[in-house]
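Fold and geometry: a report
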Amino acid sequence: MRESTWVSLLLLLLLPTPQRGGPQDGRRSPEPEPERGPLQPFDLLYASGVAAYYSGDYERAVRDLEAALSSHRRLRDIRTRCARHCAARRPLAPPGAGPGAELPFFRAVLERARCSRSCQSQRLGGPASRHRVSEDVRSDFQRRVPYNYLQRAYIKLNQLEKAMEAAHTFFMANPEHMEMQQDLEDYKATAQVEAPLLDREAKPHLESYNAGVKHYEADDFETAIKYFEQALREYFNEDMECRALCEGPQRFEEYEYLGYKGGLYEAIADHYMQVLVCQHECVRELATRPGRLSPIENFLPLHYDYLQFAYYRVGEYVKALECAKAYLMFHPDNEDVLDNVDFYESLLDDSTDPASIEAREDLTAFVKRHKLEAELIKLAAEGLGFSYAEPNYWISYGGRQDENRVPSGVNMDGAEVHGLSMGKKSPPKIGQDLREGGPLLYENITFVYNSEQLNGTQRVLLDNVLSQEQCRELHSVASGIMLVGDGYRGKTSPHTPNEKFEGATVLKALKFGYEGRVPLKSARLFYDISEKARKIVESYFMLNSTLYFSYTHMVCRTALSGQQDRRNDLSHPIHADNCLLDPEANECWKEPPAYTFRDYSALLYMNDDFEGGEFIFTEMDAKTVTASIKPKCGRMISFSSGGENPHGVKAVTRGQRCAVALWFTLDPLYRELERIQADEVIAILDQEQSGKHGMNINPKDEL
């Protein structure tokens, strides 16, 4: 990448871009909000509220949880307002020429940073660093977990309406939560409420858009226009907030930030590209409903598609033409809208030059910036060596679901009209031929159920894969090698705050065995039984190519004492193993961050001395249970890893549930690295036992 190209593009993006509602329309830049006293950190309020709930102090729980939600909202608002305020007050200076040419730019950067720190400290009533929370807390608020506690606390206080509102708000972001769905139905039956419940975290632009579609479909075009225009104003405001929040601290997966050894420009570029990619993908964030993984197809362009026809129907042909041309900025070859443009131009009076009517101004700067960002990210990916694939943000087959299209040159008053074609995705398919019923290879294994009996595709349930003695030995070694949060990025309770998760890999078990911390024979058993499971899966499903390990993990889930009162969550939410499950769209999107290379999965259970913890299959709606399996020693469930097999785990309400979880791939490029290393260690061990090797190799060196 040429340095001049990089610098030019970088500075263009760092310089302020005119936006709807900004200084270019005569209004002042947003001032910071007036002081309202020091803001309490929302993570501390949240922790206090949860502690109060479990201690039975439900009034304090409600007070602190509501305060935490309020603090979280106010913090976002302050950060957004300060970002906009400082961007307007401290613009980034373009570079000069000659010695020290870059100094004006970096001076502007320093002034922007000082402005931001001063603004936030003043509005927060203290240093902004007090409000930097952990990833777990951020995740809880994103998943609306505080509302789950709130609805339980409100029920304890006999405040049914508030409990319903909190439960509904939680459920909107967690549609797979079957217990919450049942709670809501019970609440409604008790309160005899039929009116729609309030979603306290609803996004205004989505609410306005939905209202616009509703009125449009009722042929109430004037009201539809009002809501669609409101939705656009709210969308662009939400976009500014999203972009401002992207400027916060970044996560550096490959290294600890404080230990980073890159130079000045490398460090700046690394951090800035994370911010820029985040900002670039705000269009996906704004098009995605809470709790969903896939965005509404063609979301932003659809606003202008609806508006172009609605304006036509109320006789505002200039505005219809502006909106049609705006839509063409996303899809310049759309024949239907091109025809509409010709038709709208034919309706203009003689005093109006059609060529003078341009695409909507609110969109022009937005699209220009988006394209510039895409170009810069592409250049950076080539020059800095990181991987990035530009998503298709404006999928063209996401069209209006109606039959309103203006045919070229046709009088609409009595004409028959035809709609835009609406693409429908086919259900998920498995990459290979579906076969099952092959030999189980080992004696004593008992066949229990096949796919048909389990009401699904590519499923099998087997018993006696392990003996009682092997189960006891594995359970015993688990206590010596497990670490809290292992396999879950160190998170103690990654799926539910009511259970503790511990895990260990095969390589770790062998390492502990060589070090004498656990019996080597037991560590070897972990390796051997996982290999046994792989061979069974490969044989039973009659695969015509080798099945490789993708990940091998021993995992135990322990019910936390004092936190099992009226559990209504799952130990592991409904999901698929190689795609992103979208229950509302009845789809499973095979795209990152899903492990798209996984082809088959298996779970080998070690014990049954616990309560709850049933493994369940569901339909793609993540609600309709098609099969429920109670774990026990030696039982193994195996299935293909795609959207045809959504599954989860019911709450473990007492004791500890342990299993060996196995994921397999047919692609050798995605073989588990630790498994390859474990294979090498086992080979050395076998050589030592047979006395056939002539070199003194310390197996610890292989680890």
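Residues numbered from 1 in each chain as written. Predicted model: local features only at pLDDT ≥ 70, side-chain atom pairs only at ≥ 80, totals over all residues. Heavy atoms only, no water.

Labelled according to an unreviewed UniProt entry, the protein chain appears under the name procollagen-proline 3-dioxygenase, originating from Mus caroli. Listed in UniProt under the heading Catalytic activity (unreviewed entry), the comment for the protein chain reads: "L-prolyl-[collagen] + 2-oxoglutarate + O2 = trans-3-hydroxy-L-prolyl-[collagen] + succinate + CO2". UniProt, in the comment section headed Sequence similarities (unreviewed entry), describes the protein chain in these words: "Belongs to the leprecan family." (UniProt positions renumbered as here; feature names shortened; annotations may be inferred.)

A closer look at the sheet that holds strand S3 (residues 483-484)
With antiparallel pairing, eight strands are arranged side by side in an open sheet as S1-S2-S13-S9-S16-S5-S4-S3. Unpaired on one side and paired on the other, strand S1 (446-449) and S3 mark the two borders of the sheet. Relative to strand S13 (residues 636-640), strand S2 (residues 459-463) is paired through four bridges, and the arrangement is antiparallel. Bridge pairing in S13 links Leu 461 to Ile 637. Across the sheet, helix H17 (residues 468-481) touches S3, strand S4 (499-504), strand S5 (548-559), strand S9 (600-605) and strand S16 (656-665), and the angle it forms with S5 is around 80°. (Pairing = 2+ DSSP bridges. Helix = DSSP H or I, 4+ residues; strand = E, 2+ residues; numbered from the N terminus. Contact = heavy atoms within 4.5 Å. Axes fitted to C-alpha atoms, helices over the stretch in contact; angles between N-to-C directions.)

A few points about the confidence of the model for the protein chain
Across the protein chain, the average pLDDT comes to 81, with 83% of residues at 70 or higher. In the predicted structure, residues 1-35 sits below a pLDDT of 50 and forms 65 contacts with residues beyond four places in sequence or in another chain. Note on residues 401-431: pLDDT under 50 across the span, and 62 contacts to partners over four residues away in sequence or across chains. (pLDDT = per-residue confidence, 0-100.)

Comments concerning the sheet that holds strand S14 (residues 647-650)
Reading across the sheet, the four strands line up as S6-S14-S11-S12 and stay open at both edges, with antiparallel pairing between neighbours. One side of each edge strand has no neighbouring strand; the edge strands of this open sheet are strand S6 (570-575) and strand S12 (625-629). Ignoring which end each strand starts from, the neighbouring axes of this sheet average 20° apart. Here three bridges tie strand S11 (residues 615-618) to S14, and the two strands are oriented antiparallel to one another. Across the sheet, the residue bridging to Phe 615 is Val 649, located in S14.

As for helix H5 (residues 135-142)
Of all the positions in H5, only Val 137, Ser 139, Asp 140 and Phe 141 are classed as buried. Close packing links the buried residues of H5 with helix H2 (42-54), helix H3 (58-89) and helix H6 (145-156). One or two positions beyond H5, positive phi appears at Arg 144, with a value near 65°. (Buried < 20%, exposed > 50% of the residue type's maximum accessible area, 1.4 Å probe, protein only.)

Examining the pattern of salt bridges
Pairing between side chains of opposite charge can happen when the charged atoms of each approach one another. Under the counting rule described, the total for this entry stands at 27 salt bridges. Measuring nitrogen to oxygen at the nearest pair gives 2.7 Å for the salt bridge that ties Glu 241 to Arg 76. Of this pair, Glu 241 sits in helix H10 (residues 221-245) while Arg 76 is found in helix H3, placing the two residues 165 residues apart along the sequence. With a closest N to O distance of 3.2 Å, Glu 538 and Arg 534 form a salt bridge. Of this pair, Glu 538 and Arg 534 both sit in helix H19 (residues 520-540), four residues apart, roughly one helical turn. (Salt bridge = Lys/Arg side-chain N within 4 Å of Asp/Glu carboxyl O.)

Let's talk about the packing of H6 against helix H7 (residues 160-173)
Where H6 contacts H7, the two axes come as close as 8 Å, and the packing angle between them is 160°. With respect to H7, the axis of H6 lies roughly antiparallel. Our pair here, H6 against H7, has a crossing hand that is left-handed. Here Val 145, Tyr 147, Asn 148, Leu 150, Gln 151, Tyr 154 and Ile 155 of H6 come into contact with H7, specifically with Leu 160, Lys 162, Ala 163, Ala 166, Ala 167, Thr 169 and Phe 170. (Parallel < 35°, antiparallel > 145°, perpendicular 65-115°, else oblique. Left-handed = near helix turned anticlockwise from the far one by under 90°.)

Describing the state of the cysteines
Taken as a whole and assessed by the stated rule, the structure comprises seven disulfides. Covalent S-S linkage joins Cys 82 and Cys 119, the inter-sulfur distance amounting to 2.0 Å. Where Cys 82 bonds to Cys 119 through sulfur, the torsion about that S-S bond is close to -80°, and the disulfide is left-handed. A residue pair is termed long-range when its members are at least 10 positions apart, and Cys 82 in helix H3 and Cys 119 in helix H4 (residues 103-124) qualify at 37 residues. Judged by relative accessible area, Cys 119 falls into the buried class, the value being 4%. (Disulfide = S-S within 2.5 Å.)

Considerations on unusual backbone geometry
We note that Arg 144 has phi near 65°; this positive angle belongs to a residue other than glycine. Turning to its location among the elements, Arg 144 is positioned in the loop between H5 and H6. The class for Arg 144 is buried, based on a relative accessible area of 6%. With phi around 65°, Asn 464 is a residue other than glycine that occupies positive phi space. Residue placement: Asn 464 occurs in the loop between S2 and H17.

Overview of the side chain of Arg 360
For Arg 360, the position within the fold is in the loop between helix H15 (335-347) and helix H16 (361-384). A relative accessible area of 11% places Arg 360 in the buried class. In this structure the side chain of Arg 360 is engaged in a polar contact, spanning 3.0 Å, whose partner is the side chain of Asp 362. Excluding residues within four positions of it along the chain, Arg 360 makes contact with Glu 229, Leu 232, Tyr 304, Leu 307, Tyr 311, Glu 322, Cys 323 and Ala 326. (Polar contact = N/O pair within 3.5 Å; in protein donor to acceptor, adjacent residues only side chain to side chain.)

Some words on the side chain of Arg 459
Of note, Arg 459 is situated in strand S2. One buried charged residue, Arg 459, forms no salt bridge at all, with the nearest opposite charge on Glu 619 at 6.5 Å. A distance of 3.2 Å separates the side chain of Arg 459 from the side chain of Thr 626, its partner in a polar contact. (Lys, Arg positive; Asp, Glu negative; His and termini not counted.)

What to know about the environment of Cys 588
With respect to the helices and strands, the residue Cys 588 is situated in strand S8 (residues 587-589). Judged by relative accessible area, Cys 588 falls into the buried class, the value being 9%. Distance from Cys 588 to Met 620, taken between C-alpha atoms, is 8.0 Å for residues 32 residues apart in sequence.

Here's the deal with the pairing of S16
S16 sits mainly inside the fold: nine of its 10 residues count as buried. As defined by bridge partners, S5 adjoins S16 across 10 bridges and the pair is classed as antiparallel. Across the sheet, the residue bridging to Thr 558 is Gln 656, located in S16. Relative to S16, S9 runs antiparallel, the two being bridged by six bridges. In the sheet register, Ser 601 faces S16, and the bridge partner there is Trp 663.

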